[in-house]
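Breakdown of the fold
Each chain, letter by letter, is given below.
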Amino acid sequence: MAWFRFRSLVLVALLLSMVGRTALAAETISLTVDATRTQRKILHAHLVMPVKAGPLTLYYPKWIPGEHGPDGPIANLSGLKFEGNGKTIPWQRDLLDAFTFHLEIPDGIRKLDANYDYLEPDGYSSTDKLMVLEWNDVVLYPADTPAEKLTYEAKLIMPQGWKFGTSLPLANQSANQLSFKPISLDMLVDSPVVTGEFYRNIDITPKGEPIHHQMDIVADSEAALAMSPENQKQMTNLVAESGKIFGARHYRDYHFLLALSDHVAHFGLEHHESNDSRLPERTLLLPSSGMALGGLLSHEFVHSWNGKYRRPADLTVPYYEQPMKTDLLWGYEGLTDFLGPLLAARSGLFTPEQYREYLASIAAQLGPGRPGRTWRPLRDTADAESGLGFGFGRGWLNWKRGTDYYDEGDLLWLEVATIIHRESHGKKSIDDFCLAFHGGSNNGPEVKTYTLDELVGDLNRVAPFDWATFFHTRLDSTSAEAPVGGIENAGWKVAFNAEPSKIEGRRSTPNTLYSIGLQIAADGMVSDSIVGSPAYEAGVSSGMKIMGVNGRVFTSDLLDDAIKASKENSQPITLLALVEDYFKTCTVNYHGGARYPHLVREDGRPDYLDELAKPRAGQ
Ligand SMILES: [Zn+2]
């Protein structure tokens, strides 16, 4: 009605006069991303934003949710031009912050047109056949307004014939053009799109589950989309198990966005209603497919509850220019890293043996594989996360430590699970904690923040214990030993023997690691030399290349043979290493034979690990 409209206008005028530039928030920003040249690694963006005369500051997203650091790809933003009423408006970058742009909007300009390209880095998000679009790569936003108060109307133009998957609500589609419903900036950035020539969606909603769950898979070939019925069943189980442990969902529906390619970066990024996971092209065709899905997709799915819904207050910021404090990443990532594999085991993606081998590999990596823990406590691996790049680059990882709050969080929270069981005399479990902490009602995507004190309080309500001292002791420890209390409380211990590890892929243990102490590639390149190990003592360092073994040209098999034979051999292993352009002979005094980590049963203690990993959802 006209009357109603009139009253609204008065109200808007009043608000404008009261709140100044935040009034921008009430108006919709339109963003069109033209991805038709994605095969040439160029995304073109056209943004139209309501403005008023005067200074205007725009940001390019800097602190990316889930990435925990100021790593927005600003260097890939190119061709930036602003116009108002057809006239160019000059811009200047902030002298102290490369993500900030300053403009002066002339009188009479109501709408700002921004045109720019996002140059996709090679081997990251796109190939000739597919693309993953994370909207933070292609968006600009006005300064100082919470992302949840800014409304965007996004459009995506895909290459002809490509299909797509996303949790972003669609308004309409015309051929290769998608128009999405207006949405807040935080939900836009939280809702990536996968698109590709080869696409398949698979419904993985369990029977009786009212909320829809699906997989949206894009791949570099049609053949790579062939997910086995067994994996489909296991993924459906995963959804059912998540319902059991958390008791509630905090999304409208859920999409597992999976990109399969050897030419994208391999990682996962969590969102409230989806996850962006990227794995090698033929992952689904391998016998280890369950392990790969359980290792990545299960983790990212758990994040919808732990990380997106329940989020450390220190990691919760109103918009992407504001720095995050990363001290509670051992809760955000560590608990997720415990629950992901646990649910993978409950859903059958991991066998019980694979779950144990997985825990053994972590315990070994953080024990004998991490002398750096003698100077750098777990707490510091979280505190120092923001932008220092500790987690990247492989050289000397054992001594400097990387993002250990993931893996060590896994052991830490396993110990929490066993303490809850012990202190409650078997009446309560980690499931009771998850139900209380991550449950509640489903209001769609929302954030409920927590502090360390609140976390401790919630644990105490499930099982009274001195949780504060427990966490402080574990977080500040500089013991050389990995915290294996959870494994031991559960009736198991870590042991090394000559039997190779039964898990494949990223978690598999090379024969060189816990024997002579080297992480070494198939071509002989040394990526890590464990400080204090026999190879390290013999002078082998990260960055050297092993060229020869006992007088013969290096192959992995030859070194493998030499390590196996070392037990019966009184002679040392001789390695010929290339250091820049000099050769160096390193004499490795090692006689321990092959050594791989496993979990073995501790006599006389009940097996609680098996109990924890049993399915709960009656599959
Ligand atoms: Zn994570």
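The coordinates are above.
The paragraphs below set out a description of the structure included in this document. For clarity, every value in this text was computed on a predicted model and none was experimentally measured.

Comments concerning the coordination of the zinc ion
- Within the first shell, the zinc ion binds the protein through His299 (NE2), His303 (NE2) and Glu333 (OE), at distances of 2.0 to 2.1 Å.
- For the zinc ion, the donor residues sit on a single chain with the sequence spacing H-x3-H-x29-E.
- By relative accessible area, which is 7% here, histidine 299 ends up buried.
- A relative accessible area of 0% places histidine 303 in the buried class.

Describing the packing of helix α3 (residues 229–246) against helix α12 (residues 430–438)
- For the pair α3 and α12, the least separation of the axes is 7 Å and the interaxial angle reads 80°. Taken together, the axes of α3 and α12 are roughly perpendicular relative to one another. On the side of α3, the interface is formed by Lys244, Ile245 and Phe246, while α12 contributes Asp431, Cys434, Leu435 and His438.

Some details on the sheet that holds strand β7 (residues 100–105)
- In space, the four strands of this open sheet follow the order β6-β7-β3-β10, with antiparallel pairing throughout. A strand with exactly one partner marks an edge of an open sheet, and here the two such strands are β6 (91–93) and β10 (141–142).

Some words on the sheet that holds strand β30 (residues 582–588)
- As summarised here, the arrangement of the four strands in space is β28-β27-β29-β30, forming an open sheet in which the pairing is antiparallel. Of all strands in the sheet, those with a lone pairing partner are β28 (552–553) and β30, marking the two edges.

A short note on the nonpolar core
- Membership of the largest hydrophobic core comes to 88 residues, with the highest contact counts inside it found for Trp413, Phe433 and Phe471.
- Ranked by residues supplied to this core, first place goes to helix α11 (residues 404–423) with nine residues.
- Dropping the residues within four chain positions of it, phenylalanine 433 is found in contact with Leu335, Trp413, Ile420, His438, Leu455, Asp458, Leu459 and Val462.
- Within the second largest apolar cluster, 54 residues are counted, among which are Ile74, Leu103, Ala147 and Tyr319.

About the cut-offs
- Residues numbered from 1 in each chain as written.
- Predicted model: local features only at pLDDT ≥ 70, side-chain atom pairs only at ≥ 80, totals over all residues.
- Heavy atoms only, no water.
- Donors = N, O, S within 2.8 Å, 3.2 Å for Na, K, Ca; no water.
- Buried < 20%, exposed > 50% of the residue type's maximum accessible area, 1.4 Å probe, protein only.
- Axes fitted to C-alpha atoms, helices over the stretch in contact; angles between N-to-C directions.
- Helix = DSSP H or I, 4+ residues; strand = E, 2+ residues; numbered from the N terminus.
- Parallel < 35°, antiparallel > 145°, perpendicular 65-115°, else oblique.
- Contact = heavy atoms within 4.5 Å.
- Pairing = 2+ DSSP bridges.
- Core = buried A, V, L, I, M, F, W, Y, C linked by side-chain atoms within 4.5 Å.

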